[in-house]
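Spelled out, the chains give:
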Amino acid sequence: EWVVDTCIWDPAVALWRRFQGLPAEPEAPLTFKVTCRRKGARFSHISSQGVAVALASSLAARHGWRAKVRSPDLEVRVLFGDS
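Residues numbered from 1 in each chain as written. Predicted model: local features only at pLDDT ≥ 70, side-chain atom pairs only at ≥ 80, totals over all residues. Heavy atoms only, no water.

Next up on the list: the side chain of R17. Along the polypeptide, R17 turns up in helix 2 (residues 9-20). What R17 contacts, discounting residues up to four positions off in sequence, is L22, P23, A24, P26 and L30. (Helix = DSSP H or I, 4+ residues; strand = E, 2+ residues; numbered from the N terminus. Contact = heavy atoms within 4.5 Å.)

Structure below.
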């Protein structure tokens, strides 16, 4: 949940909507998917799939977005690395 709590999602999504030529107020909930990648040994104990599921659940609960793996409106990427 810390990613959901620390990121400012509303202005970012509003900018994305404007860039895509979409209306500011959506007619349907935003669809999204979360992709998580790890590189190196520092985060080897963390499951990429577990992080993706936890973040998707938090985003859906907080913003009312709908998770959709195929052809989502938006993809959220989480990258963990040693450097």
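So, on to the packing of aromatic side chains. Following the criterion strictly, the structure yields 3 aromatic pairs and no others. Both rings, one in W9 and one in W65, keep their centres 5.9 Å apart while their planes meet at 85°; by these two values the pair is edge-to-face. Linking W9 in helix 2 with W65 in the loop between helix 3 (48-63) and strand 2 (66-67), this pair joins segments that are 56 residues apart in sequence. Exposure class is identical for W9 and W65. Each is buried. Here the aromatic rings of F43 and F80 are separated by 5.0 Å at their centres, their planes lie at 40°, and the arrangement is tilted. Note that F43 is positioned in the loop between strand 1 (31-39) and helix 3 and F80 in strand 3 (residues 74-81), a separation of 37 residues in sequence. Of the two residues, F43 and F80, neither departs from the other in class, the shared state being buried. Linked through ring pairs, W9, F32 and W65 together constitute an aromatic cluster. (Phe/Tyr/Trp six-rings, centres within 6.5 Å; stacked < 30°, edge-to-face > 60°. Buried < 20%, exposed > 50% of the residue type's maximum accessible area, 1.4 Å probe, protein only.)

This brings us to the sheet that holds strand 3. Taken in spatial order, the 3 strands line up as 2-1-3 in an open sheet, and their pairing is parallel. In this open sheet, the two edge strands, each paired with only one partner strand, are strand 2 and strand 3. (Pairing = 2+ DSSP bridges.)

Quick look at the nonpolar core now. If you look at the biggest cluster of nonpolar residues, it comprises 20 residues, and the most contacted ones within it are W9, F32, V34, L55, L59, W65 and V78. Listed by contribution, the elements that provide at least two residues to this core are helix 1 (2-6), helix 2, strand 1, helix 3 and strand 3. Counting residues per element, this core draws most heavily on helix 3, at 5 residues. Contacts of L55, omitting those with residues within four sequence positions, involve V3, V4, V34, V76 and V78. (Core = buried A, V, L, I, M, F, W, Y, C linked by side-chain atoms within 4.5 Å.)

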